[in-house]
Amino acid sequence: MSSQIERSYQEAKELYAKHGIDVDRALEKLKQIKISMHCWQGDDVRGFLNREQDLTGGISVTGNYPGAARTPDELRADLEKAFSLIPGKHKVNLHAIYADTEEKVELDRLEPKHFEKWVDWAKRHGLGLDFNPTCFSHEKSSDGFTLSHPDPAIRRFWIDHCKASRRIGAYFGEQLGQTCVTNVWIPDGFKDIPADRLAPRQRLKSALDEVFAEELNPAHNLDAVESKLFGLGAEAYTVGSHEFYMGYGLQNNKLICLDAGHFHPTEVISGKLSALALFAEGILLHVSRPVRWDSDHVVILDDELLDIGRELVRGDLLGKTHIGLDFFDASINRVAAWVIGTRNTIKALLRAMLEPVEALRQAELAGDYTTRLALSEEFKTYPFGAVWDYYCEQMGVPVREQWLAEVKAYEQEVLLKRGG
């Protein structure tokens, strides 16, 4: 280890220790946290089952940076490169369209065997897998409805797809010894004001009841439901709103997914965590960065990400919260996007662990808001970076921006050699 990094770390430890903060303990705790890195950043949400299908469901990926993965092997290679630059052991979040199979198979007929190569790969690298049914970019979702569709035959197709997805998730959990979170999100909604808001939600509730009817081992698979405020083509009404899924999740003991981009532009998910944690079975986060709308920008170390980290740490919510990423940017190097977003998410958690939480609580209880504000502000310039550098070097990944040179070399050696 670099003597400078070690020296700076020891000095930082002494400063934090004056406030009762055990830095070594914080780093040990950080090592146990798994971030679920989303596979769809690597290929612009194309998948491998039907790559010619246009993106639908209000999903839009902009940019044409060279080097998008075209095959499962290319995607796994890109994921491996990203993980080599990120401290810790984590998970990969797969969508159903990322099945690795030569067989032509419909979504409602997917089986664990279509993902065996992903499981074998995850085993070799000590990774977990999470899963999502893909209820978009399909001819049976072309009119904007899936599980709430008025046509029973189309609704049946999507119910069967979600049921199959849960079984695949359970297979992941059983094979890898790490619980898989299978998250259901649908794009259903109307572009203009509907005449009937209730009936689609009644159909969705009934469909979900059927999807979740089969009991699966919770050690292998946990179910989550994800809301959205609106989407392109569904600006006026979204069937699966926050209120709908919060009610459904609480009533049926499902994880409730909070996506940072799925609320009003001035609404943040950090403020919801402590309230939801009191009642929910568990929480799934989709950490993203909306810019005026659900635009899924690469996660940066901004105020909201820091606040999410603070809420998880201060409320001791890490044990019941599953942290996943959800962004897709094709205007920059896709591997770099993964590295930036994941490293920033881990940084936010570490930064929260290095704050004088107990002192802040005591000041607040005493009504000493001056001390609360003063300490909060002073700790913003405490030597968090020295601790982060030490952690990265200790975990065998590049320190600071050194990782960028590796990504640039990978771009030259691998990504730019791929065809269009």
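Residues numbered from 1 in each chain as written. Predicted model: local features only at pLDDT ≥ 70, side-chain atom pairs only at ≥ 80, totals over all residues. Heavy atoms only, no water.

**Focus on unusual backbone geometry**
Worth spelling out the cut-off: Remark: exposure states derive from per-residue accessible area (1.4 Å probe, protein chains only) relative to the maximum for the residue type, with buried under 20%, exposed over 50%, and partly exposed in between. Helix and strand assignments come from DSSP, with helices taken as H or I runs of at least 4 residues and strands as E runs of at least 2, each series counted from the N terminus.
In this structure, valine 45 takes a positive phi of about 60° despite not being glycine. We classify valine 45 as buried; its relative accessible area is 4%. The backbone of asparagine 253 sits at a positive phi, close to 55°, despite the residue not being glycine. Within the element layout of this structure, asparagine 253 appears in the loop between helix 7 (242-252) and strand 8 (255-259). Exposure remark for asparagine 253: the relative accessible area of 52% places this residue in the exposed category.

**Re the nonpolar core**
Operational definition: The set of buried Ala, Val, Leu, Ile, Met, Phe, Trp, Tyr and Cys residues whose side-chain atoms join them within 4.5 Å is what this entry labels a nonpolar core. Throughout, a contact is declared for two residues whenever any of their heavy atoms are within 4.5 Å.
Ranked by internal contacts, the top residues of the largest apolar core, which has 123 residues, are Leu94, Leu147, Phe172 and Leu285. If we ignore the near neighbours within four places in the chain, the residues touching phenylalanine 172 are Leu94, Phe115, Val119, Leu129, Asp130, Phe131, Gly177, Gln178 and Cys180. Formed by 5 residues, the second largest nonpolar core is a distinct cluster that contains Ala224, Leu255, Cys257 and Leu284.

**Points about the pairing of strand 9 (residues 283-287)**
Stated formally: Paired strands, in this sense, are two strands between which DSSP finds at least two bridges. The crossover handedness rule: strands pointing away from the viewer, path from first strand over the helix to second strand clockwise, crossover right-handed.
In terms of residue burial, strand 9 counts as a mostly covered element, since 5 of its 5 residues are buried. Along strand 9, one buried face is formed by Ile283, Leu285 and Val287 and the opposite face, lined by Leu284 and His286, is buried too. In this sheet, strand 9 lies alongside strand 8 in parallel orientation, the contact comprising 4 bridges. When the sheet's bridge partners are listed, aspartate 259 is paired in strand 9 with histidine 286. Each parallel crossover has a hand, and the one from strand 9 via helix 9 (residues 303-314) to strand 10 (residues 321-325) is right-handed.

**A closer look at helix 5 (residues 152-176)**
We apply this condition: By definition here, a helix of n residues has an expected span of 1.5 Å times n minus one. Two N or O atoms count as a polar contact when they lie within 3.5 Å, although within protein this holds only if one can serve as hydrogen donor and the other as acceptor, and sequence-adjacent residues are included solely when both atoms are side-chain atoms.
The end-to-end C-alpha separation of helix 5 is 36 Å, in line with the 36 Å expected for 25 residues at 1.5 Å each. If you check the start of helix 5, you find a side-chain oxygen 2.9 Å away from the backbone N of alanine 153, and it comes from aspartate 151. Two residues or fewer past helix 5, glycine 177 is found with a positive phi of approximately 70°.

**Here's the deal with a nonpolar patch on the surface**
Operational definition: Only residues whose relative accessible area exceeds 30% and that form no salt bridge enter a patch; like-charged residues are grouped when within 9 Å of one another, and nonpolar side chains (Val, Leu, Ile, Met, Phe, Trp, Tyr) when within 5 Å. Only the protein chains shown count as cover for residues, and all accessible areas are computed by the Shrake-Rupley method using a 1.4 Å probe. A pair is scored as a salt bridge if a Lys or Arg side-chain nitrogen falls within 4 Å of a carboxyl oxygen belonging to Asp or Glu.
Residues Leu250, Leu278 and Phe279 make up a contiguous nonpolar surface patch of about 360 Å² in total accessible area. Residue placement: leucine 278 occurs in the loop between helix 8 (273-277) and strand 9. Its relative accessible area of 68% is what places leucine 278 among the exposed residues.

**Here's the deal with the packing of aromatic side chains**
Rule in force here: Two aromatic rings, drawn from Phe, Tyr or Trp (for Trp, its six-membered ring), form a pair once their centres lie within 6.5 Å of each other, and the interplanar angle then sorts them: stacked below 30 degrees, edge-to-face above 60, tilted otherwise. Sitting over a ring, as applied to charges here, requires NZ of Lys or CZ of Arg to be within 6 Å of the ring centre and within 35 degrees of the ring normal.
What the rule picks out here adds up to 18 aromatic pairs. Ring geometry for tyrosine 9 and tyrosine 390: centres 3.6 Å apart, planes at 5°, overall stacked. Placement of the pair is tyrosine 9 in helix 1 (residues 3-17) and tyrosine 390 in helix 13 (residues 384-394), with a sequence separation of 381 residues. The two residues tyrosine 9 and tyrosine 390 agree in class, both being buried. Measuring from ring centre to ring centre gives 4.0 Å for phenylalanine 379 and tyrosine 382, while their planes differ by 10°; the resulting arrangement is stacked. With relative accessibility at 7%, the residue phenylalanine 379 sits in the buried group. Among the aromatic side chains, those forming a connected cluster through ring pairs are Phe115, Phe131, Tyr171 and Phe172. Over the ring of phenylalanine 157 we find lysine 140, and its NZ or CZ is 5.0 Å from the ring centre. We note lysine 254 situated over the ring of phenylalanine 212; from NZ or CZ to the ring centre the distance is 4.4 Å.

**Section: the environment of lysine 81**
Within the secondary structure, lysine 81 is located in helix 3 (residues 72-83). On a C-alpha basis, the gap between lysine 81 and alanine 277 in space is 35 Å, while along the polypeptide they are 196 residues apart. Apart from residues lying up to four places away in sequence, lysine 81 is in contact with Val335, Glu406 and Tyr410.

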